[in-house]
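Residue strings, one per chain:
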Amino acid sequence: MSHSHGDTVPLHPSSQSDIDEIENLINASFQSGPATVLPARPPSPPRASIPVSSSPFMASNLPPPPQQKSSSTPVPPALPPPIPQPNSHQNISVSGFGSPPNTLTEPVWDTVKRDLSRIVSNLKLVVFPNPFREDPGKALRDWDLWGPFFFIVFLGLVLSWSASVKKSEVFAVAFALLAAGAIILTLNVLLLGGHIIFFQSLSLLGYCLFPLDVGALICMLKDNVIIKVVVVCVTLAWSSWAAYPFMSSAVNPRRKALALYPVFLMYISVGFLIIAID
Amino acid sequence: MDETYASLPTSHLLGSVPAVVSENKKTTNYEVPEANLEIFPPADGGARGRGYQALGNVNGGDEQQAANGWKGVFNVSSYTQYFNVDTDIVLERIKSSLNPLVGNFFRKIEANPDLYGLLWISTTLVIVLASLGNCATYLIRKRNDSSTSWSFDVNFLKLAACALYGYALLVPAAFYFLLHYLGSSANLVRFWCMWGYSLFIFIPSSILLLIPVEFVRWIIIILTGVASASFVSLNIKSSIEANDLIIVVVAAFLLQVALALFIKIWFFP
């Protein structure tokens, strides 16, 4: 195959005509009986000649040269009313064969909402493990690094706020410990001959920090040592329980303890930081 | 045990590390007269290590490269040969490090020295020292003047990390180079392995050092230091053939005792 190694593979000549056929069919379905068969690449002039349009795709089309407009005059009279709808759908169908639609022109809130919902769904899958769920590998496939980033920074901030002296050093130590710890834990599994993907593991270890975040927040609000110890023990057990299935299934069963012990060590050290900072 | 492997659908995912099958490496080791676990790091036995690979490539011999197992400094799979241990092997090595009277540790790790012990025992000791050191100062402060003007000292962590990682990495390397200079043979990986396991005894003794009585603390640390130092020195003595290098053995003993005293003085004053 003589394809160029870029993002896009040039279309086979026969597939271009297939695409055009499908476009025509879509157009035909909106027009309830094709008056004419549109040419392979429908010219933009019919669309631009209609002033009423709120679709964003209209705005990006350049105004056509006048000659094309005159040559296609037999076409527009049949088309004008339904054109805004089919054209926008047409554009979607055109772009559907290429890059994903809308991510450049959608509202910022949509983008943020999509990422937030992915974080929440990953969180639910990782931290509240349900042994009867239908697709246990889903969190592994949809990994992202935004969630872990938020949780690590949040934990560092909470610890820094709770500290009475040397606040910036505490944040630095907590952040470095967690970030370097996640990388080293992943490398440990790889060195023990385990099968794990680097960024998936970083993502999972970051999500498993969520219970410790909750614990740190509670400890910041309540200052009693006994309550702190109890809360930290409970959240530590929860974090370890959440991380256990992923780590243990990644290595040879005879080396399970070797892979799990460093995870436990890291969470214990974070727990100790939470208790000791006051 | 391969069910767990088969259940992971990793083969179609990008970036997955291919499985490193170390059994093949073990069986093909016999072809190479100097099995390259002896020569570490390859940059050090420099020409020899790369020479084997270069020869292997020129002759089209794949087995030599596989036997060496060294795929470059930044490739994780070239370090897996030093982590080829199971849980029970690690536990057994830890138990034998607690025994200061018999110097047969090198015979136990002959075939398969591991760096897992070095890495995680020293990391555990760093964390234990930093946390228990803070606990100890808290207890002493509370016992003496009963005013909790104590605040968590993050510097303990930095100090513990620098001291312990520096000691565990540099002292075996120094001994390796010294013994090479003096003509005796030594193997860096085995030295690192042995010194790493020798640090294990400090972990339970750090927990005992929490007792706020000064006299008890000194007893504990002296006992621990002597036990650990005798473990190290007996093993060094059994690994070097020439008997006139007693000074090296004594130096190892003294360094380990110095480490024990440092731990007591800085973290549990």
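As a convention, each chain's residues are numbered from 1 in the sequence order in which they are written. Chains carry letters from A onward and ligands carry numbers from 1 onward, assigned in written order. Per-residue local features are limited, in this predicted model, to residues with pLDDT of at least 70; the limit for side-chain atom pairs, both in listing and counting, is 80 or more; totals at the level of whole chains, interfaces and linings are taken over all residues. Excluded from the side-chain calculations are hydrogens and water; all other atoms, namely the structure's heavy atoms, are used.

1. Side note on the overall build of chain B
The test is simple: Comment: elements are numbered from the N terminus, with helices defined as DSSP H or I runs of at least four residues and strands as E runs of at least two. Whether a residue is buried, partly exposed or exposed follows from its accessible area with a 1.4 Å probe, protein chains only, as a fraction of its type maximum: under 20%, in between, or over 50%, in that order. We call two residues in contact whenever any of their non-hydrogen atoms come within 4.5 Å of each other. The Shrake-Rupley method, run with a 1.4 Å probe, gives the accessible areas here. Residue values count only the displayed protein chains as cover.
Helix and strand content of chain B: twelve helices and zero strands. The N-to-C order of helical and strand elements in chain B reads α-α-α-α-α-α-α-α-α-α-α-α. Looking at the 269 residues of chain B, the share that counts as buried comes to 47%. Here the contacts in chain B between residues at least 6 apart in sequence split such that 71% fall between residues at least 24 apart. With the model as given, the accessible surface of chain B reaches about 13,400 Å², and the carbon-plus-sulfur share is 67%.

2. Thoughts on a nonpolar patch on the surface
Residues and elements named next belong to chain B. The following threshold applies: Nonpolar side chains (Val, Leu, Ile, Met, Phe, Trp, Tyr) within 5 Å and like charges within 9 Å form the patches, drawn only from residues with over 30% relative accessible area and no salt bridge. Any carboxyl oxygen of Asp or Glu within 4 Å of a side-chain nitrogen of Lys or Arg constitutes a salt bridge here.
Judged by side-chain polarity, Leu208, Ile211, Val213, Phe215, Val216, Ile219 and Leu223 come together as a nonpolar surface patch covering roughly 620 Å² of accessible area. If one sorts the elements of the nonpolar patch by residue count, helix α11 (residues 214–239) sits on top with four residues. Position of leucine 223 among the secondary structure elements: in helix α11. Classification of leucine 223 as exposed rests on a relative accessible area of 57%.

3. Section: the UniProt feature "transmembrane region" (unreviewed entry) in chain B
All names here are of chain B. To keep it simple, the criterion reads: UniProt positions are given in the numbering used here, feature names are shortened, and annotations may be inferred rather than shown by experiment.
Using the residue numbers shown here, the UniProt feature "transmembrane region" (unreviewed entry) corresponds to residues 115–140, 156–179, 191–209, 215–234 and 246–267. The span residues 115–140 is 96% helix and 0% strand, and its two end C-alpha atoms sit 37 Å from each other. Counted over residues 246–267, helix gives 100% and strand 0%. Its end C-alpha atoms are 32 Å apart.

4. Focus: the interface of chain A and chain B
Which entries qualify depends on this criterion: Buried area is a sum: the accessible area each of two parts loses on coming together, probed at 1.4 Å, counted once for each and added. Under this definition, polar contacts are N or O atom pairs within 3.5 Å; protein pairs additionally need one hydrogen-donor-capable and one acceptor-capable atom, and for neighbouring residues in sequence, both atoms have to be side-chain atoms. Any residue that is not Ala, Val, Leu, Ile, Met, Phe, Trp, Tyr, Cys, Pro, Asp, Glu, Lys or Arg is counted as polar, Gly included; the first ten are nonpolar and the last four charged.
Taken residue by residue, the interface counts 35 residues in chain A and 33 residues in chain B. Summing both partners gives a buried area of about 3,300 Å² for chain A against chain B, and 69% of it is carried by carbon and sulfur. Three residues stand out in chain A for area buried against chain B, namely Leu191(A), His195(A) and Leu258(A), and they jointly supply 20% of the buried area on that side. Between Arg255(A) and Asp86(B) there is a salt bridge, with its nearest N and O atoms 2.8 Å apart. If you look at where chain A meets chain B, you find eight residue pairs in polar contact (both at pLDDT 80 or more). Elements supplying a minimum of two residues to the side of chain A that touches chain B: α9 (167–191) and α13 (256–276) of chain A. No other element matches the ten residues that α13(A) contributes to the side of chain A that touches chain B. Residue composition of the side of chain A that touches chain B, by class: 22 nonpolar, seven polar and six charged.

5. Quick look at the nonpolar core
Threshold: The criterion is simple. A nonpolar core is a set of buried Ala, Val, Leu, Ile, Met, Phe, Trp, Tyr and Cys residues joined through side-chain atoms within 4.5 Å.
Counting 111 residues, the largest nonpolar core has Tyr267(A), Ile274(A), Phe191(B), Trp195(B) and Ile236(B) as the members making the most contacts within it. Among the elements that take part in this core, helix α7 (residues 116–145) of chain B stands out by supplying twelve residues, more than any other.

6. Topic: unusual backbone geometry
Excluding glycine, residues mostly carry a negative phi; peptide bonds, for their part, are mostly trans. Residue and element names in this part refer to chain A. Its identity is not glycine, yet lysine 166 carries a phi of approximately 55°, on the positive side. Along the chain, lysine 166 turns up in the loop between α8 (146–162) and α9. Accessibility expressed as a relative area gives 36% for lysine 166, which makes it partly exposed.

7. Describing the pattern of salt bridges
Pairing is possible between side chains of opposite charge, provided their charged atoms come close. Tallied over the full model, the rule gives eight salt bridges over all chains. Ionic pairing is found between Lys264(B) and Glu214(B), a salt bridge with its closest N-O pair at 3.1 Å. Here Lys264(B) is found in helix α12 (residues 246–267), whereas its partner Glu214(B) is found in helix α11, with 50 residues between them in sequence. Taking relative accessible area as the criterion, Lys264(B) reaches 1% and is therefore assigned buried. Here the salt bridges share partners, and the residues they tie into one network are Arg254(A), Arg255(A) and Asp86(B).

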